[in-house]
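A look at the structure
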Amino acid sequence: MNSHINHIKEKLEQRKSENALRELKVNENLVDFCSNDYLGFASEKEIHFQEKLNLYGATGSRLISGNNKVTEGVEDFLATYYKAESALIFNSGYNANIGVFSSLPQRGDTIIYDELIHASIRDGIRLSNANSFSFKHNDINSLKEKIKNSKGQVWIAVESIYSMDGDEAPLEELVEIAKKYDAALIVDEAHACGVFGEKGEGLVVEHGLENDVFARIVTFGKAFGAHGAVVLGNKLLRDYLINYSRAFIYTTALPLPSVLAMKKAHNFLENNLERIDVLKNLISYFKEKIINNQYQIINSNSAIQCIIVPGNNEIRQLAEKIQNNGFDVRPILSPTVPKGQERLRICIHAFNTEEQIDGLLKVIGI
Ligand SMILES: Cc1ncc(COP(=O)(O)O)c(C=O)c1O
C-alpha cells in the first residue's frame with residue numbers, strides 16, 4: 001500500500017485509540033445547547049431573506065472585481081456601529097485572524113498571546129515571521145514577564161470572551177499594560193459581540209476602550225447568526241490590511257447577500273434589544289442552578305458555560321446520555337482542550353427556556 005495512505009490511516013487510528021476521533025454529526029430535533037446562535041438570529045427571515053439584487057456573487061477578490069458600494073456601505077455602517085474609525089470585512093473570523101496575525105507583526109517583533117487563544121490566531125501567528133510566546137491564561141503578571149523579555153514591536157493577542165471557557169479577559173488591565181510597554185493590543189470579540197454592550201457592540205465598547213485597542217475582530221457567524229467577520233481599527237490599519245493581508249487579497253469576496261446579512265443582523269438587533277436581556281436572564285438562571293454541584297465549573301457570565309468532566313471517554317459517555325435525552329450538547333475533548341480539562345460546553349440561547357435548562361441539568365445529575 002502507498003506510504004501516504006498508511007500515514008493517513010495511522011493518524012486516524014491514533015485519534016481513535018485516544019478516543020478523540022472527530023466525526024461530522026447531524027443531530028436533528030434536539031434542544032440546542034451547543035450552537036453559537038446565542039440570539040436565535042440564524043433562523044430570522046428578516047436577516048437572511050434577500051430582496052432582488054442585480055448581483056449576488058462577488059465575481060472576484062475585493063481588489064479586482066469584488067468591490068462594490070454595497071460592501072463599502074456595510075463597512076461604513078459597521079465602523080459606526082462599533083465606534084471604530086474604519087472596518088474591513090473578511091470572509092470569516094478564521095480568515096480575519098489569519099490575515100491580521102500573519103501580516104502585521106514583522107520579523108524581529110514579538111507576539112504574546114493568551115495560552116487559550118483560538119486556533120485561528122495560532123495559525124495566523126504561525127504564518128508570521130515574528131517570535132511568539134504564550135502567557136498564562138488571563139494572568140497579567142505572566143504577560144508582563146513575557147513583555148519584559150521580548151524584542152521589537154510587541155503585539156498582544158487576547159479574546160474578550162474565551163471560546164472554550166466562556167470567561168472574560170481583564171481588558172482594562174490589558175490596555176494599561178499595552179500602553180505602558182507601547183504594545184499593540186488586538187482583541188478577538190467573536191463571542192462577546194451581540195451579547196455584551198448596550199447594542200451588542202462587545203466588551204471593548206462596554207468598557208469604553210475602543211480608542212485604546214489597536215484592532216478588534218468581530219465575527220458574524222455567532223450571535224449574529226450569519227457569516228463573515230470584520231476587522232475594526234484606524235484607517236491606517238485598513239489600508240495596511242488591503243495591501244499586505246494575503247487572506248484578504250487572494251480570495252473571492254463574500255456574496256452580496258452575506259454582506260447585506262451582516263447589516264440586517266445589526267438592524268434587527270437594534271430593534272429587538274430585549275433578546276439580549278432574555279439571554280442574560282437565562283444565563284443567570286443557569287448559573288444559579290449550577291452553584292454547589294459535584295463538578296468543577298468555569299466561572300463565566302457569557303453564553304458559554306462549561307462543566308468539566310475529565311477524560312475523553314467519560315465526557316463522551318455523558319454527552320451521549322444527554323443527547324439520548326433530547327438535548328444537543330457536544331463534548332469538548334482533548335486535544336481541543338488540555339487533558340484533564342475535557343468538558344461539556346453548554347451554550348445558552350435567548351430561545352431556550354428555564355424548563356429546558358432544568359431538564360438538561362437533571363440529566364447531567366445537577
Ligand atoms: C474566538 C474565535 N475567533 C474566531 C473564530 C472563527 O470565526 P469564524 O467561525 O467566523 O471563522 C471563532 C470560531 O470558532 C472563535 O471562537
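Residues numbered from 1 in each chain as written. Predicted model: local features only at pLDDT ≥ 70, side-chain atom pairs only at ≥ 80, totals over all residues. Heavy atoms only, no water.

Remarks on the sheet that holds strand β8 (residues 229-233)
The strand order β2-β8-β7-β6-β5-β3-β4 describes an open sheet built from seven strands, whose pairing is mixed. Bordering the open sheet on either side are β2 (86-90) and β4 (131-135), each of which pairs with just one other strand. Direction aside, neighbouring strands of the sheet carry axes that sit 20 degrees apart on average. Looking at chain direction, strand β6 (residues 184-188) and strand β7 (residues 215-219) are connected through three bridges and run parallel. Within β7, the position partnered with V187 by the bridge is R216. Across the sheet, helix α3 (residues 69-81) is in contact with β2 and β8; its angle to β2 comes to roughly 125 degrees. (Pairing = 2+ DSSP bridges. Helix = DSSP H or I, 4+ residues; strand = E, 2+ residues; numbered from the N terminus. Axes fitted to C-alpha atoms, helices over the stretch in contact; angles between N-to-C directions. Contact = heavy atoms within 4.5 Å.)

Things to note about the state of the cysteines
For the structure on display, the rule yields zero disulfides. Left unpaired, C34 is separated from the closest cysteine sulfur, that of C347, by 6.9 Å. (Disulfide = S-S within 2.5 Å.)

Quick notes on helix α11 (residues 256-271)
Along its 16 residues, α11 runs 23 Å from first to last C-alpha, staying within 8% of the 22 Å computed at 1.5 Å per residue. Among all positions of α11, only L256, V259, L260, A261, M262, K264, A265, H266, F268 and L269 are buried. The inward-facing, buried residues of α11 abut α2 (45-48), α3, β2, β8 and α12 (274-290). (Expected span 1.5 Å × (residues − 1). Buried < 20%, exposed > 50% of the residue type's maximum accessible area, 1.4 Å probe, protein only.)

Observations concerning the sheet that holds strand β10 (residues 304-308)
Sheet architecture is open: four strands sit in the order β9-β10-β13-β12, paired in antiparallel fashion. With partners counted over all chains shown, the strands left at the sheet margins are β9 (296-297) and β12 (330-332), one partner each. By the bridge criterion, three bridges tie β12 to strand β13 (residues 343-347) in an arrangement that is antiparallel. Counted as the bridge partner of R330 is R345 from β13. Sheet strands touched by α12: β9, β10 and β13. Its angle to β10, the strand with the most contacts, is close to 15 degrees.

Some words on the pairing of β6
For β6, the buried fraction is high: five of the five residues fall into the buried class. What you see with β6 is no split at all: A184, I186 and D188 on one side and L185 and V187 on the other are buried throughout. Strand direction decides the pairing type here: strand β5 (residues 154-159) and β6, joined by five bridges, are parallel. Residue E159 lies in a different strand from β6, and its bridge partner there is D188. What joins β5 to β6 is helix α7 (residues 171-180), and the crossover it makes is right-handed. (Right-handed = clockwise from strand over helix to strand, strands pointing away.)

Looking at the nonpolar core
Membership of the largest hydrophobic core comes to 85 residues, with the highest contact counts inside it found for L78, L344 and I346. Take this core: its biggest share by element is seven residues, from α12. Structurally, this core is a two-domain feature, drawing no fewer than three residues from each of domain 1 (20-38 + 273-364) and domain 2 (51-270). Setting aside anything within four residues of it in sequence, one finds L344 in contact with Q305, C306, I307, I315, L318, A319, I322, V329, R330 and I364. I111, W155, L241 and I242 belong to the second largest nonpolar core, which has 25 residues in total. (Core = buried A, V, L, I, M, F, W, Y, C linked by side-chain atoms within 4.5 Å. Domains from an automatic or database assignment.)

Looking at helix α1 (residues 3-17)
A rise of 1.5 Å per residue sets the reference length of α1, with its 15 residues, at 21 Å; its end C-alpha atoms lie 21 Å apart and thus fit the reference within 8%. Looking one or two places after α1, you find N19, whose phi comes out positive at around 60 degrees.

A short note on the domain arrangement of the protein chain
Split by domain assignment, the protein chain resolves into domain 1 (20-38 + 273-364) and domain 2 (51-270). Summarising the inter-unit geometry, the C-alpha centres of domain 1 and domain 2 are found 26 Å apart. Contacts between the two partners involve 20 residues from domain 1, matched on the other side by 23 residues from domain 2. In terms of surface lost to domain 2, no three residues of domain 1 exceed Y38, L273 and I276, which account for 30% of the buried area on that side. Taken together, the links from domain 1 to domain 2 amount to one salt bridge. Note that D165 is salt-bridged to R343, the shortest N-O span being 2.9 Å. Counting across the interface, domain 1 meets domain 2 through nine residue pairs in polar contact (both at pLDDT 80 or more). Where the side of domain 1 that touches domain 2 is concerned, the elements lending two or more residues are α12, β10 and β13. The element contributing the most residues to the side of domain 1 that touches domain 2 is α12, with four residues. For the side of domain 1 that touches domain 2, a count of residues per class yields nine nonpolar, six polar and five charged. (Buried area = accessible area lost by both parts, 1.4 Å probe. Salt bridge = Lys/Arg side-chain N within 4 Å of Asp/Glu carboxyl O. Polar contact = N/O pair within 3.5 Å; in protein donor to acceptor, adjacent residues only side chain to side chain. Nonpolar A, V, L, I, M, F, W, Y, C, P; charged D, E, K, R; others polar.)

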